[in-house]
Amino acid sequence: GSSVAYGATYTTNDVIGIAYDADNNTMTFYKNGASQGQITSALDQTQAPYFPLGFDGSGSLYVDLVFNFGQQTFTYAPPSGYLALNTFNL
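The rules behind the values
Each chain carries its own residue numbering, running from 1 in the direction its sequence is written. Local features in this predicted model are restricted to residues of pLDDT 70 or higher, and side-chain atom pairs are both shown and tallied only at a pLDDT of 80 or more, whereas totals for entire chains, interfaces and linings draw on every residue. Side-chain calculation: all heavy atoms of the structure are included, whereas hydrogens and water are not. Two strands qualify as a pair provided DSSP detects at least 2 bridges between them. Secondary structure is summarised from DSSP: a helix means a run of H or I of at least four residues, a strand means a run of E of at least two, and numbering begins at the N terminus for each. Note on exposure labels: buried denotes an accessible area under 20% of the residue type's maximum, exposed denotes more than 50%, and partly exposed covers the range between, all computed with a 1.4 Å probe on protein chains only. Each salt bridge in this description consists of a side-chain nitrogen of Lys or Arg and a carboxyl oxygen of Asp or Glu lying within 4 Å of one another. For patch building, the residue pool is restricted to those with more than 30% relative accessible area and no salt bridge; the joining distance is 9 Å between like charges and 5 Å between nonpolar side chains (Val, Leu, Ile, Met, Phe, Trp, Tyr). For every accessible area listed, the method is Shrake-Rupley and the probe measures 1.4 Å; residues are considered covered only by the protein chains on display. In summary, the pairing rule links any two rings of Phe, Tyr or Trp, Trp by its six-membered ring, whose centres are within 6.5 Å, and it sorts them by plane angle into stacked for under 30 degrees, edge-to-face for over 60 and tilted for everything else.

Visitor: I'd like a description of the pairing of strand S3 (residues 34-39), backed by residues and values.
Guide: The pairing of strand S2 (residues 26-31) with S3 spans 4 bridges and is classified as antiparallel. Pairing of Met 27 across the sheet is with Ile 39, part of S3. In textbook terms, the turn of a hairpin is the stretch between consecutive antiparallel strands, and for S2 and S3 this stretch comprises 2 residues, one of which, Asn 32, has a positive phi near 50°.

Visitor: Could you give me a rundown of unusual backbone geometry, with the residues and numbers involved?
Guide: Within the chain, Asn 13 stands out as a residue other than glycine whose phi angle is a positive 75°. Mapped onto the elements, Asn 13 comes out in the segment before strand S1 (16-21). A relative accessible area of 71% places Asn 13 in the exposed class. Despite not being glycine, Asn 25 shows a phi value in the positive range, around 55°. Structurally, Asn 25 can be placed in the loop between S1 and S2. Given the relative accessible area of 22%, Asn 25 is considered partly exposed.

Visitor: So what's going on with the pattern of salt bridges? Residues and values would help.
Guide: Enumeration over the complete set of coordinates arrives at 1 salt bridge. In this structure, Asp 14 and Lys 31 form a salt bridge, with 3.7 Å as the shortest nitrogen-oxygen distance. Residue Asp 14 is found in the segment before S1, and its partner Lys 31 is found in strand S2; the two are separated by 17 residues along the sequence.

Visitor: Give me a nonpolar patch on the surface: which residues, what numbers.
Guide: On the surface, Leu 65, Phe 67, Phe 69, Leu 85 and Leu 90 cluster together to form a nonpolar patch covering roughly 540 Å² of accessible area. Checked against the element boundaries, Phe 69 lands in the segment after S3.

Visitor: An account of the packing of aromatic side chains is requested, with residue identities and associated values reported.
Guide: Per the stated rule, a full pass over the model turns up 1 aromatic pair. Ring geometry for Phe 67 and Phe 69: centres 6.3 Å apart, planes at 15°, overall stacked.

Dropping the structure here:
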């Protein structure tokens, strides 16, 4: 594979949000509440579900990531039409 630059750069304490729409096969990334754009071409619904992981581009896994699927109050409100990932919202 290959990689392509996408969105703004990020650093310590930035909040990266992901809005995944399985019905329309789209994913939008957010940095500190600001949309970084929507992607569709990389999504393949025939594969396993998408799970977020953090890499620095060199293959090293970030070890100091905090994931919030709604178990805590979000720093930024979810986009209109999106909900926290939990059994109540299924």
